[in-house]
Amino acid sequence: MTGRPSTVGAAWAVLRNDLRVLFLAPAGWVFLTVCLFLAGLMFVGAVAETGEASLRPAIPQLAVTLLFTLPLITMRQLAEEARTGTLELLLTAPVRVEALVLGKWAASMVLCLGLLAATAPFPAVLFLYGAPDPGVLATGYLGLFACCAAFCAAGLFASSLARDPTVAGALSVLLLLPSWLATAAVDWMPASFAPALRRVSFVEHLHGAATGVLDSGELAWFASVTVGFLLLARASLALRRWR
Amino acid sequence: MSEHRAAGGWNELLVTALLVASLAVVVELADRHPVRVDLTEEGAETLDPDTLASLAMLEAAGSEARITAFSAQARDPGAALHDRELRDRLALLEQASPRVRVRFVDFDRDRVTAEQLGVSRYGGAVVEIGDQRVDLTDRDLFHYRTGATGREPSFIGEAALAAAIRRLISPDRRTLVLLSGHGETPIFDRGLGELHGLADRAEEQGWTVRTVDLLRDAGPGRAPVVPSDAAAVVAIGPRAPLAPSEVQALRSFLGDGGGVGWFVEPRGELPSFLVELGVGLEDGIAMDPATQIPHLDRPLLRYGRHPITEVLGEQDLTTVAAGAAGLSTTPTDGVEVSTLLQTGPRGWLERGTEQPPTWTEGEDEPGPVLVGVALGVISPHPAARPGRRGRVVVVGDVDLLRDELIAGAPGNATFVTNTLRWLMGTETPMTRVGRPRRVRTLTLDEHQLDVVRLWLVGGMPLLAALVGVVVSRTRRTR
């Protein structure tokens, strides 16, 4: 008789398994290809328009790109398992739900790290043709990483709700869309709405990171959104267990 | 069993809801008490101490400042950068003080606000406290240069915004008198004297700047006197000697505790009251191996210990002079001498005419060469009245006041402002001022941009796709 594995050990196992699925199947590479293409377009467009030796003008656009592309990865993570029936097996196995959620989230984050690493030519171009501020670059990447963390968590929650990956993907975009639209709404809604809209806008919360500032308020926002969605994903799976 | 499951489910939901609610509290707390760490190289996202001092004054006065800023004309090159920089800087002010309310207005879309405020030009700002206001123009807020991408704006308006707040809070307007009538360099003629930056600096401090010809203003047969509202008198590059009665007026003003600034070029002349204080003008030009390249006659100056230069030394901000005269000092009773500016020990006083100027043993004077000096004049000096302390600054250069060096050398704006502050006897701290916020730009031509586009939009994704195909095939063949 084997004992119940520790949460970290189980999460590690889930992470390794999901990474194998992501990198050995075309999905992960399609995601990387699409993301790099869109990110390249955004970056070159920003450079051509502003001539700035900074990632700053591209960062909000890169984040929006992630909003629409990350669901390609997260939509499959739980919904696909639900569709094929393996989720039921996982939920009845002696694995804590936390380990399952953390492992899946960590796998998508590893892919995001790979994506961010693959954008290294962007700062290389900036250094080649200008003198960018390394501090601004560092915080810019930190901001994008925070975005990835929050979007992956939201995507995972959406994936935990649906039994079909496509529905999960659409749900994930729908969950995050208001946060993006709030940015644009600040300009045309009555001024009294502006503070509330700014609070929910992820673009507004990227401002410090894009300009070279580490802001505890912004970091706390991304951390809370991430943890919040992970908690919701955990609750969603746990409720399936109780059904 | 089903009741047990339902209870478990509700318990799960309740715990999650509580945890999510506690996260909301954490976000709220972090939002209310933010900690910001500026990681930019030049501290570009941190307000100047000068600005923070103005905001502290605003807080102490219990007033609220409303800043309405207007966009640049959309079709102007660099308009997007202009507007973004302006928004960012205003946001910094708003973050720094709950007593600052900012509003950015698109001049093209919202003409009503512009008309209500009587604003008819793009790119400026209106600072209001109560029913008082200060209008700032685009030129007060931005400096433009032509770069690789066209017209590139640098934000220079933080000091102007801070000064506007200070001016509105403190109605005490001191007067800075600029001496005229001896061939002095004019400061209000834009483009001619190119000393308008100096007038801007004084205006930013909320001072009234007035040009005074002591002899002419006194009228025939009357002894000239320094105007009673003058806090300091400054002479910029006088070329003709002062009349004895003018010297007497300035000596008397100094003895009463006034401030006198004297900026003089090589082969100029110092009035006798300064010579009496032990200051002399050397024959020759101050040189240093460390110069503002490519100008060999623009030494990067070192600082002595004085409140004017303290912040410059601490923050390693170099002040640059151009073709500066060397000064000398002689110990004199009742005169406290402090070095402000001097060349490095390897500098020299160039007395020859060879080009490029080089150190010549026996002809040139070895350094360090004194270029700027501050004097405190107290009793028992005959000019000083008991209990009064006169303040004098003598600088062997006029060019360091010029717009080009105020904008182009890191320390000149701060040196000039702090010198004026010290002479005017203000309580304002001697802080760094006038730091331009430069937008770093790329030097990239069309061909290079095409190469970058090809590589980043085409090459990188293609590489990722190829790796994916290889991995996929390898897996299948196994």
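Residues numbered from 1 in each chain as written. Chains lettered and ligands numbered in written order. Predicted model: local features only at pLDDT ≥ 70, side-chain atom pairs only at ≥ 80, totals over all residues. Heavy atoms only, no water.

Engineer: Would you mind showing me how to read the overall build of chain A here?
Structural biologist: For chain A, the count of helices and strands is twelve helices and one strand. Listing each helix as α and each strand as β along chain A from the N terminus yields α-α-α-α-α-α-α-α-α-α-α-β-α. Radius of gyration (C-alpha) of chain A: 19 Å, near the 18 Å computed for a compact globule of 243 residues. Based on the C-alpha atoms only, the size of chain A along its principal axes is roughly 65 × 45 × 30 Å. Per-residue burial over chain A gives 58% buried out of 243 residues. Contacts in chain A between residues at least 24 apart in sequence constitute 76% of all its contacts with a sequence separation of at least 6. Surface summary for chain A: the accessible area is close to 9,700 Å², and the carbon and sulfur share equals 72%. Looking at charge distribution, chain A has the averaged site of its 15 positive side-chain charges lying 14 Å from that of its 13 negative ones. (Helix = DSSP H or I, 4+ residues; strand = E, 2+ residues; numbered from the N terminus. Rg over C-alpha atoms; globule rule 2.2 N^0.38 Å. Buried < 20%, exposed > 50% of the residue type's maximum accessible area, 1.4 Å probe, protein only. Contact = heavy atoms within 4.5 Å. Areas by Shrake-Rupley, 256 points an atom, 1.4 Å probe, with all protein chains shown as cover. Lys, Arg positive; Asp, Glu negative; His and termini not counted. Charge placed at Lys NZ, Arg CZ, Asp CG, Glu CD.)

Engineer: Would you take a moment to explain the side chain of T113(B) for this structure?
Structural biologist: Residue and element names in this part refer to chain B. Checked against the element boundaries, T113 lands in helix α4 (residues 111–116). Residue classification places T113 among the buried residues on the basis of a relative accessible area of 5%. Side chain to side chain, T113 and R103 meet in a polar contact 3.1 Å long. Within polar-contact distance, the side chain of T113 engages the side chain of D110 at 2.6 Å. Among residues more than four places away in sequence, those in contact with T113 are T68, R103 and V105. (Polar contact = N/O pair within 3.5 Å; in protein donor to acceptor, adjacent residues only side chain to side chain.)

Engineer: How do you make sense of the interface of chain A and chain B when you look at a structure like this?
Structural biologist: How big an interface is tends to be reported as the loss of accessible area on association of its parts. Facing the 57 residues of chain A at the interface are 53 residues of chain B. Between chain A and chain B, the buried area comes to about 4,700 Å², and carbon and sulfur atoms account for 65% of it. Summed over the shared surface of chain A and chain B, the result is seven salt bridges. Between R440(B) and D133(A) there is a salt bridge, and its shortest N-O distance comes to 3.8 Å. Inspection of the chain A/chain B interface yields 15 residue pairs in polar contact (both at pLDDT 80 or more). (Buried area = accessible area lost by both parts, 1.4 Å probe. Salt bridge = Lys/Arg side-chain N within 4 Å of Asp/Glu carboxyl O.)

Engineer: I keep staring at the pattern of salt bridges and nothing clicks. Help me out?
Structural biologist: Side-chain pairing between opposite charges can occur once the charged atoms of the two side chains come close. Scanning all chains against the criterion turns up 34 salt bridges over all chains. The shortest N-O distance in the salt bridge between E28(B) and R32(B) comes to 2.8 Å. Here E28(B) and its partner R32(B) are both found in helix α1 (residues 2–32), four residues apart, which amounts to about one turn of the helix. The partner of R84(B) in a salt bridge is E85(B), and the shortest N-O contact between them spans 3.7 Å. A residue is classified by how much of its surface remains accessible, and R84(B), at 17% relative accessible area, is buried. Assessed through its relative accessible area of 4%, E85(B) is described here as buried. Through salt bridges with shared partners, one network takes in E52(A), E45(B), R84(B), E85(B) and R89(B).

Engineer: Would you mind going over the packing of helix α2 (residues 26–50) of chain A against helix α14 (residues 446–477) of chain B with me for this structure?
Structural biologist: Packed helices, taken two at a time, are described by the angle between their axes plus the distance between the axes. Two elements in contact, α2(A) and α14(B), have axes separated by 8 Å at closest approach and are oriented at 175°. Judged by the angle between their axes, α2(A) and α14(B) are roughly antiparallel. Partitioning the contact of α2(A) with α14(B) into residue classes produces 20 nonpolar, four polar and one charged. (Axes fitted to C-alpha atoms, helices over the stretch in contact; angles between N-to-C directions. Parallel < 35°, antiparallel > 145°, perpendicular 65-115°, else oblique. Nonpolar A, V, L, I, M, F, W, Y, C, P; charged D, E, K, R; others polar.)

Engineer: Is there a simple way to think about the packing of aromatic side chains in this case?
Structural biologist: Geometry of an aromatic ring pair is reported as the spacing of the ring centres plus the angle between the planes. Inspection of every chain in the model, using the stated rule, returns ten aromatic pairs over all chains. Between F68(A) and W180(A) the ring centres are 5.6 Å apart and the planes differ by 85°, which places this aromatic pair in the edge-to-face class. On the criterion of sequence distance, the pair formed by F68(A) in helix α3 (residues 59–69) and W180(A) in helix α9 (residues 165–188) is long-range, its members being 112 residues apart. Using a relative accessible area of 40% as the deciding quantity, one classes F68(A) as partly exposed. Put simply, the rings of F70(B), F107(B) and Y122(B) pair up and form one aromatic cluster. (Phe/Tyr/Trp six-rings, centres within 6.5 Å; stacked < 30°, edge-to-face > 60°.)

Engineer: I would appreciate a short explanation of the pairing of strand β13 (residues 300–303) of chain B in the present structure.
Structural biologist: Residue and element names in this part refer to chain B. Across two bridges, the pairing between β13 and strand β14 (residues 319–320) is antiparallel. Paired with L301 across the two strands is T319, which belongs to β14. Of the pairings in the sheet, the one linking β13 to strand β16 (residues 335–342) comprises two bridges and is antiparallel in character. Within β16, the position partnered with Y303 by the bridge is L341. (Pairing = 2+ DSSP bridges.)

Engineer: Explain the pairing of strand β10 (residues 230–236) of chain B to me, please; I cannot follow it from the model alone.
Structural biologist: Within a regular beta strand, the side chains point alternately toward one face of the sheet and then the other, so they alternate between its two faces. All names here are of chain B. β10 sits mainly inside the fold: seven of its seven residues count as buried. Looking at chain direction, strand β8 (residues 175–179) and β10 are connected through four bridges and run parallel. Along β10, the bridge assignment pairs V177 with V233. Pairing of β10 with strand β11 (residues 259–263), which is carried by five bridges, proceeds in the parallel orientation. Note on β11: the bridge partner recorded for V234 is G261. One crossover worth recording links β10 to the parallel β11 by way of helix α9 (residues 244–255), and it is right-handed. (Right-handed = clockwise from strand over helix to strand, strands pointing away.)

Engineer: I'm lost on the side chain of H205(A) in this one. Help?
Structural biologist: Residue and element names in this part refer to chain A. Along the polypeptide, H205 turns up in the loop between α10 (194–200) and α11 (207–211). A polar contact is formed between the side chain of H205 and the backbone oxygen of S201, at a distance of 2.7 Å. Residue contacts for H205: discarding those within four places in its chain leaves R198, R199, V200, E218, W221 and F222.

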